[in-house]
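These are the residues of each chain, in order.
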Amino acid sequence: MRDPDGLIARAGVRGDPDRDQHFLVDDRVLDRLPTYLTEIDVNTSHLLEIGGGTGALTDRLLAVADAVTVVERDRELAAFLREEFADEIDDGRLTVLEGDALEVDLPDFSASVSNLPYGVSSEITFRLLPEKRPLVLMFQQEFAERMVADPGTSEYGRLSVSTQHYAEPELVESIPKEAFSPPPAVRSAVVRLEPREPDYAVDDEAFFLRFVKAMFTQRRKTIRNAIRNTAHITNLGAPDAVVEAADDDLLQKRADAMAPSEFAELATLALEVGEPAGG
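Residues numbered from 1 in each chain as written. Predicted model: local features only at pLDDT ≥ 70, side-chain atom pairs only at ≥ 80, totals over all residues. Heavy atoms only, no water.

Overview of the sheet that holds strand β5 (residues 111-115)
Stage number 1. Strand order in the open sheet formed by 7 strands is β4-β3-β2-β5-β6-β9-β7, with mixed pairing between adjacent strands. One side of each edge strand has no neighbouring strand; the edge strands of this open sheet are β4 (94-98) and β7 (167-175). Across the sheet, the axes of successive neighbouring strands diverge by a mean angle of 20°, strand direction being ignored.
Stage number 2. Relative to β4, strand β3 (residues 67-72) runs parallel, the two sharing 5 bridges. The residue of β4 that forms the bridge with V70 is V96.
Stage number 3. Across the face of the sheet, helix α5 (residues 75-84) comes into contact with β3 and β4 while running at roughly 165° to β4.
Stage number 4. Helix-sheet contacts for helix α9 (residues 158-166) involve β7 and β9 (188-195), and the interaxial angle to β7 is about 115°. (Pairing = 2+ DSSP bridges. Helix = DSSP H or I, 4+ residues; strand = E, 2+ residues; numbered from the N terminus. Axes fitted to C-alpha atoms, helices over the stretch in contact; angles between N-to-C directions. Contact = heavy atoms within 4.5 Å.)

Here is the structure:
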């Protein structure tokens, strides 16, 4: 495996916190990341990496995958990856996409392992989750804990519900600051997300996610009041009709005590009787 410090030296770059660049340099962590896929027998034929940096993780992914596509928005780093991995590119095993991961056309990948830029980690994650592929992603520790949180805990929120709608998340490893160059201000964590079909029906996914967002803007209110107070977010023309039709036990709860299936039940009801504008 290529030495991460050697890659940084050959690239002639330094991580820049102002640009969300923190290079993972701990060999032990780098070696473990692909195993979070292989230990659950995931298809690794075509792995996607977001934020390739100097290629330390790319190198490990090439060892377990038939093909790897890496997305890198930094022009100099993308050029370095093409030079450093020229043989793998010539063999057709590596593709380097230069551009923003939120804008480029992503390939038909089988799974993704990525050390995400923290500033856009949420946006990238929710671009990847609807693809229904296994993901192993690095986040800030606090963000990761919110993804995996259970109802009734202080960490549980909109992020928890939205994530768990698409996948079964598991926080598999916490990473100290010292594993990066330069060290970030906070600890990091690795989350494995195995895609799943929810055990509830959602007729309009966009409305469901918007409804969840609306309820958590009123997390200290009962669901009864939250429905009435957030028509400007849900676009419901008749929120009172939803309240009148809903189960009273649900209406007395607060958002942070609601399971995803209960949000789905209310969102379905809201679509039926709440007169949503534009669906």
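Remarks on the pairing of β5
Stage number 1. A large share of β5 lies buried, amounting to 5 of its 5 residues.
Stage number 2. Residues A111, V113 and N115 point to one face of β5 and S112 and S114 to the other, with burial holding for every one of them.
Stage number 3. As for the winding sense of the linkage, the β-α-β connection from β5 through helix α7 (residues 121-128) to strand β6 (residues 135-140) is right-handed. (Buried < 20%, exposed > 50% of the residue type's maximum accessible area, 1.4 Å probe, protein only. Right-handed = clockwise from strand over helix to strand, strands pointing away.)

Some words on the packing of aromatic side chains
Stage number 1. In this structure the tally under the stated criterion is 5 aromatic pairs.
Stage number 2. Geometrically, the ring pair formed by Y156 and F216 is edge-to-face, given 6.1 Å between the ring centres and 70° between the ring planes. Highlighted residues: Y156 in the loop between α8 (141-147) and α9 and F216 in helix α10 (residues 205-216), separated in sequence by 60 residues.
Stage number 3. Residue classification places Y156 among the buried residues on the basis of a relative accessible area of 0%.
Stage number 4. When the centroid spacing of 5.5 Å and the interplanar angle of 35° are considered together, the rings of F216 and F263 count as tilted. Remark: F263 occurs in helix α15 (residues 260-273) and F216 occurs in helix α10; sequence separation between them is 47 residues. Neither residue differs from the other here; F216 and F263 are each classed as buried.
Stage number 5. An aromatic cluster of at least three residues, connected via ring pairs, comprises Y156, F216 and F263. (Phe/Tyr/Trp six-rings, centres within 6.5 Å; stacked < 30°, edge-to-face > 60°.)

Brief notes about the nonpolar core
Stage number 1. Judged by nonpolar contacts, the single largest core of 37 residues is most densely connected at L24, L33 and M138.
Stage number 2. Among the nonpolar cores identified, the runner-up in size contains 29 residues, and V161, L250, L266 and L269 belong to it. (Core = buried A, V, L, I, M, F, W, Y, C linked by side-chain atoms within 4.5 Å.)

A look at the side chain of E84
Stage number 1. You can see E84 is positioned in helix α5.
Stage number 2. E84 gets classed as buried once you look at its relative accessible area, which sits at 16%.
Stage number 3. Polar side-chain contacts of E84 include one of 3.0 Å to the side chain of R10.
Stage number 4. The residues contacting E84, other than those within four sequence positions of it, are R2, L7 and R10. (Polar contact = N/O pair within 3.5 Å; in protein donor to acceptor, adjacent residues only side chain to side chain.)

Brief notes about the UniProt feature "domain: Ribosomal RNA adenine methylase transferase N-terminal" (unreviewed entry) in the protein
Stage number 1. UniProt tags residues 29-197 as "domain: Ribosomal RNA adenine methylase transferase N-terminal" (unreviewed entry).
Stage number 2. Between the end C-alpha atoms of residues 29-197 the distance is 30 Å, and the span holds 32% helix and 27% strand. (UniProt positions renumbered as here; feature names shortened; annotations may be inferred.)

With respect to the packing of α10 against α15
Stage number 1. With their axes 9 Å apart at the nearest point, α10 and α15 run at an angle of 110° to one another. Relative to α15, the element α10 lies roughly perpendicular. The segment α10 lies against α15, with F207, F208, F211, V212, M215 and F216 engaging P260, F263, A264, L266, A267, A270 and L271.
Stage number 2. Of the residues belonging to the contact of α10 with α15, the class tally is 13 nonpolar, no polar and no charged. (Parallel < 35°, antiparallel > 145°, perpendicular 65-115°, else oblique. Nonpolar A, V, L, I, M, F, W, Y, C, P; charged D, E, K, R; others polar.)

Describing the pattern of salt bridges
Stage number 1. Within this structure, the stated rule accounts for 18 salt bridges.
Stage number 2. In this structure, D27 engages R60 in a salt bridge whose closest nitrogen and oxygen atoms are separated by 2.9 Å. Here D27 is found in helix α2 (residues 27-32), whereas its partner R60 is found in helix α4 (residues 56-62), with 33 residues between them in sequence.
Stage number 3. Take R60: its relative accessible area is 4%, and that puts it in the buried class.
Stage number 4. As a salt-bridge pair, E170 and R192 come within 2.9 Å of each other at their nearest N and O atoms. Remark: R192 occurs in strand β9 and E170 occurs in strand β7; sequence separation between them is 22 residues.
Stage number 5. For E170, a relative accessible area of 38% corresponds to the partly exposed category. (Salt bridge = Lys/Arg side-chain N within 4 Å of Asp/Glu carboxyl O.)

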